[in-house]
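Chain residues, written in single-letter form:
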Amino acid sequence: MMEIWTEKYRPKEFEDIAGQEDIIKRVSSFVKSKNMPHLMFSGPAGVGKTTLSLIVAKKLFGEEWNSNFLELNASDERGIDVVRNKVKDFARTKTMGNYPFKVIYLDECDSLTKEAQQALRRTMENYVNSCRFILSCNYSSKIIDPIQSRCAIFRFKPLEKKHIVKQVENIAKGEGLTINSDAYDAIYAVTEGDARRVANILQDCASMTKDISAETIYEKVAAARPQEVNKILTIAVSGDFIKSRDMLLDMMLRYGLSGLDVIKQIHKEIWNLKIEDSKKVKLLDKCGEIEFRMVEGSDEFLQLEALLANFTI
Ligand SMILES: Nc1ncnc2c1ncn2[C@@H]1O[C@H](COP(=O)(O)OP(=O)(O)OP(=O)(O)O)[C@@H](O)[C@H]1O
Ligand SMILES: [Mg+2]
């Protein structure tokens, strides 16, 4: 069976986790002292939240980690009651191997309604003697204060470019890939520091070729090169609307981009244009408006042309 690279290359030790240095330092010292409060891990996707929790469990419980660690998803469509029952069943039995507490990892806590969060808060209180929770979310601001105040909060950040480069090198070594120098920038640009996407994109590309260039990356992820988007916008700004429109259309067809993909890329590129800041602000505002119209179902090409016209005038 083909192994999934995100799992194959999931760090197994604290020191293998890229970035998040302060978090690792504090969390590993909890583990060393065999005691910890409830934890909250907040931050974007693919930056090490689940990975760190698994390491915590393995370090705390050794061989018995599996029976003392429960992973649940708060957004379980069957509702918070299912989550509470599972927690209850798990918390009721003694820890395997005489540890003072078990650990429950609850993913996607910010998808819970306020009422469900109140229920979760009571559950946390009921089982505080036998369980520690690690709550994971994208935005801690969506979590009610009484829960936040019961947790030590850790804010994970997107990985920096140097970490992504190292991760790519590591996977390339393990899988015998050749990475062209331009591919590093491309991978960082399209993943924006999400390490899970890095592993997935590389695995996807590798099924096509072992020789990975920026072009391979942009083809696979259905994204255009930022330089190409920049060129099209610059031509529009210079006054040649027709030419920029034709180039945009060609780019969309070549990469199979949707209107929304294009808006996102244009939005990112506006700051890199050589125009006045006040004009940039107006264009950003326009991007928001056009995106909204597109989401509402308006014709993609018509809306993109309208957006592009704003660069010319
Ligand atoms: N800090 C990191 N260092 C090295 N690899 C990482 C790191 N973060 C993520 N990864 C890679 O990405 C994969 C997914 O990471 P993880 O499951 O920890 O993400 P997450 O932060 O829990 O994201 P989500 O919010 O989507 O659940 C890991 O298996 C690993 O391959
Ligand atoms: Mg996760």
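On a predicted model such as this, the values are computed, not experimentally measured, just so you know. (Residues numbered from 1 in each chain as written. Chains lettered and ligands numbered in written order. Predicted model: local features only at pLDDT ≥ 70, side-chain atom pairs only at ≥ 80, totals over all residues. Heavy atoms only, no water.)

S.K.: How would you summarise the pattern of salt bridges if you had to cite specific residues and measurements?
M.R.: Close approach of charged atoms allows side chains with opposite charge to pair. The tally for this structure, following the rule as stated, stands at 20 salt bridges. Between Asp-246 and Arg-245 there is a salt bridge; the shortest N-O distance is 3.4 Å. Among the residues examined, Asp-246 registers a relative accessible area of 40% and is labelled partly exposed. Linking Glu-289 and Arg-293 is a salt bridge whose minimum nitrogen-to-oxygen distance equals 2.4 Å. Separated by four residues within a single helix, Glu-289 and Arg-293 lie in helix α15 (residues 277–295), roughly one turn from each other. (Salt bridge = Lys/Arg side-chain N within 4 Å of Asp/Glu carboxyl O. Buried < 20%, exposed > 50% of the residue type's maximum accessible area, 1.4 Å probe, protein only. Helix = DSSP H or I, 4+ residues; strand = E, 2+ residues; numbered from the N terminus.)

S.K.: An account of the domain arrangement of the protein chain is requested, with residue identities and associated values reported.
M.R.: The accessible area lost on association of the parts is a frequent measure of interface size. Assigned domains of the protein chain: these are domain 1 (20–155), domain 2 (161–220) and domain 3 (226–312). Between the C-alpha centres of domain 1 and domain 3 the distance comes to 43 Å. (Domains from an automatic or database assignment.)

S.K.: Residue-level account of the environment of Lys-220, with values.
M.R.: Considering the arrangement of structural elements, one finds Lys-220 in helix α11 (residues 214–220). Along the sequence, Lys-220 and Ser-75 sit 145 residues apart, while their C-alpha atoms lie 30 Å from each other. Setting aside residues up to four positions removed in sequence, Lys-220 forms contacts with Asp-204, Cys-205 and Met-208. (Contact = heavy atoms within 4.5 Å.)

S.K.: So what's going on with the packing of helix α13 (residues 241–255) against helix α16 (residues 300–312)? Which residues, and what values?
M.R.: It is the contact of α13 with α16, at a shortest axis distance of 10 Å, that shows an interaxial angle of 140°. Comparing the axis directions of α13 and α16 gives the class oblique. The way α13 lies across α16 gives a crossing that is right-handed. Contacts between α13 and α16 involve Phe-241, Ser-244, Arg-245, Leu-248, Leu-249 and Met-252 from the first element and Glu-300, Phe-301, Leu-304, Glu-305, Leu-308, Ala-309 and Thr-312 from the second. Taken together, the residues of the contact of α13 with α16 break down into eight nonpolar, two polar and three charged. (Axes fitted to C-alpha atoms, helices over the stretch in contact; angles between N-to-C directions. Parallel < 35°, antiparallel > 145°, perpendicular 65-115°, else oblique. Left-handed = near helix turned anticlockwise from the far one by under 90°. Nonpolar A, V, L, I, M, F, W, Y, C, P; charged D, E, K, R; others polar.)

S.K.: How would you explain a nonpolar patch on the surface if you had to name every residue and give the values?
M.R.: On the surface, Leu-249, Leu-253 and Phe-301 cluster together to form a nonpolar patch covering roughly 310 Å² of accessible area. In this structure, Leu-253 sits in helix α13. (Patch = residues over 30% accessible without salt bridge, like charges linked within 9 Å, V, L, I, M, F, W, Y side chains within 5 Å. Areas by Shrake-Rupley, 256 points an atom, 1.4 Å probe, with all protein chains shown as cover.)

S.K.: Could you give an account of the pairing of strand β1 (residues 38–42), with specific residues and numbers?
M.R.: Of all five residues in β1, five are buried; the element is thus mostly enclosed. Here β1 shows two buried faces, one formed by His-38, Met-40 and Ser-42 and the other by Leu-39 and Phe-41. Note that β1 and strand β5 (residues 151–155) share five bridges and pair parallel. Within the sheet, the bridge partner assigned to Leu-39 lies in β5 and is Ala-152. Here β1 pairs with strand β4 (residues 131–137) via four bridges, running parallel. Each bridged residue has a counterpart across the sheet, and for Ser-42 the counterpart in β4 is Cys-137. (Pairing = 2+ DSSP bridges.)

S.K.: Residues and numbers for helix α6 (residues 114–126), please.
M.R.: Between the first and last C-alpha of α6 there are 19 Å, a value that for 13 residues agrees with the 18 Å anticipated at 1.5 Å per step. Of the surrounding secondary structure, the elements contacted by the buried residues of α6 are β1, α5 (80–92), β3 (102–107), β4, α7 (145–148) and β5. (Expected span 1.5 Å × (residues − 1).)

S.K.: Just give me the short version of α13, but keep the residues and values in it.
M.R.: With 15 residues, α13 ought to run about 21 Å at 1.5 Å a step, and its terminal C-alpha atoms sit 21 Å apart, in line with that. Those residues of α13 lying buried are Ser-244, Leu-248, Met-251, Met-252 and Tyr-255. The buried residues of α13 all sit within an arc of 100° when viewed along its axis, so they share a single face. Where α13 terminates, the next one or two residues include Gly-256, which has phi positive at roughly 65°. (Arc of directions from axis to C-beta.)

S.K.: Tell me what's going on with the site of ligand 1, and back it up with residues and numbers.
M.R.: In the region of ligand 1, 17 residues are neighbours, and Thr-6, Gly-46, Lys-49, Thr-50 and Thr-51 sit closest. Contact distances for ligand 1 include 3.1 Å between an oxygen atom and a side-chain N or O atom of Arg-10. The protein chains hide 92% of the 630 Å² of surface that ligand 1 would expose on its own. The set of elements that each furnish at least two residues to the shell around ligand 1 consists of α3 (49–61) and α10 (195–206). Here the shell around ligand 1 gets three residues from one element, more than from any other, and that element is α3. Partitioning the shell around ligand 1 into residue classes produces eight nonpolar, five polar and four charged. (Near = heavy atom within 4 Å. Polar contact = N/O pair within 3.5 Å; in protein donor to acceptor, adjacent residues only side chain to side chain.)

S.K.: Requested: an account of the packing of helix α12 (residues 226–237) against α16, with residues and values cited.
M.R.: Pairs of packed helices are described in terms of their axes, by the angle between the two and the distance that separates them. For the pair α12 and α16, the least separation of the axes is 6 Å and the interaxial angle reads 60°. Taken together, α12 and α16 sit at an angle that is classed as oblique. The element α12 and its partner α16 pack so that their crossing is right-handed. From α12, Leu-233, Ala-236 and Val-237 reach across to α16, where they touch Leu-308, Phe-311 and Thr-312. When grouped by side-chain class, the residues that make up the contact of α12 with α16 number five nonpolar, one polar and no charged.

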